Amino acid sequence: MLKAALGAIFLLAQLSGPGGGLPQILQTDFKQAAPLKAGARGEVAAMFTILPGYAVDRTLPFKLDLTPHQFVILA
């Protein structure tokens, strides 16, 4: 029983080490379509590149959450 408990603790310790979150495999690059002007509507394109050695299923739904900044209105 003790060996099983120690084995479970060892297994869980392997899954949650320092910085044990999922790796950030997507890098984001934001580009504006045209120069943005104060008080006018503008567009910004978000492009994602994947780090070498990883793959992403492109058919899965993709969600992008944007946090509004002071004085910026997100449509």
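1. Concerning the layout of surface pockets
Space inside the largest pocket adds up to approximately 710 Å³. Around the largest pocket sit 22 residues that line it, and G42, V72, I73, L74 and A75 are the ones nearest its centre. Here the lining of the largest pocket takes three residues from strand β2 (residues 44-50), the largest share from any one element. Split into classes, the residues belonging to the lining of the largest pocket amount to 15 nonpolar, four polar and three charged. The space that makes up the second largest pocket amounts to roughly 180 Å³. Taken together, L26, F48, I50, V56, D57, R58, L60 and F62 make up the full set of residues lining the second largest pocket. Counted by class, the lining of the second largest pocket contains six nonpolar, no polar and two charged residues.

2. Things to note about the pattern of salt bridges
Applying the stated criterion across every chain yields a total of one salt bridge. Here D29 makes a salt bridge to K31, at a shortest N to O gap of 3.6 Å. Among the residues examined, K31 registers a relative accessible area of 45% and is labelled partly exposed.

3. Some points on the confidence of the model for the protein
Counting all residues, the mean pLDDT for the protein is 77, and 83% of those residues have values of 70 or more. Within the protein, no element has a lower average pLDDT than helix α1 (residues 2-15), which sits at 72, and none a higher one than β2, at 84.

4. Brief notes about a nonpolar patch on the surface
Residues F48, F62, L64, L66, V72 and L74 make up a contiguous nonpolar surface patch of about 560 Å² in total accessible area. Inspection of the secondary structure puts L64 in the segment after β2. On the basis of relative accessible area, L64 is assigned to the partly exposed category, the value being 45%.

Criteria and thresholds
- Residues numbered from 1 in each chain as written.
- Predicted model: local features only at pLDDT ≥ 70, side-chain atom pairs only at ≥ 80, totals over all residues.
- Heavy atoms only, no water.
- 1 Å grid on protein atoms, 1.4 Å probe; cavity = no way out; pocket = protein on both sides within 12 Å on 5 of 7 lines; lining within 4 Å.
- Points joined across faces, edges and corners; volume = space filled by probe spheres on them.
- Helix = DSSP H or I, 4+ residues; strand = E, 2+ residues; numbered from the N terminus.
- Nonpolar A, V, L, I, M, F, W, Y, C, P; charged D, E, K, R; others polar.
- Salt bridge = Lys/Arg side-chain N within 4 Å of Asp/Glu carboxyl O.
- Buried < 20%, exposed > 50% of the residue type's maximum accessible area, 1.4 Å probe, protein only.
- pLDDT = per-residue confidence, 0-100.
- Patch = residues over 30% accessible without salt bridge, like charges linked within 9 Å, V, L, I, M, F, W, Y side chains within 5 Å.
- Areas by Shrake-Rupley, 256 points an atom, 1.4 Å probe, with all protein chains shown as cover.

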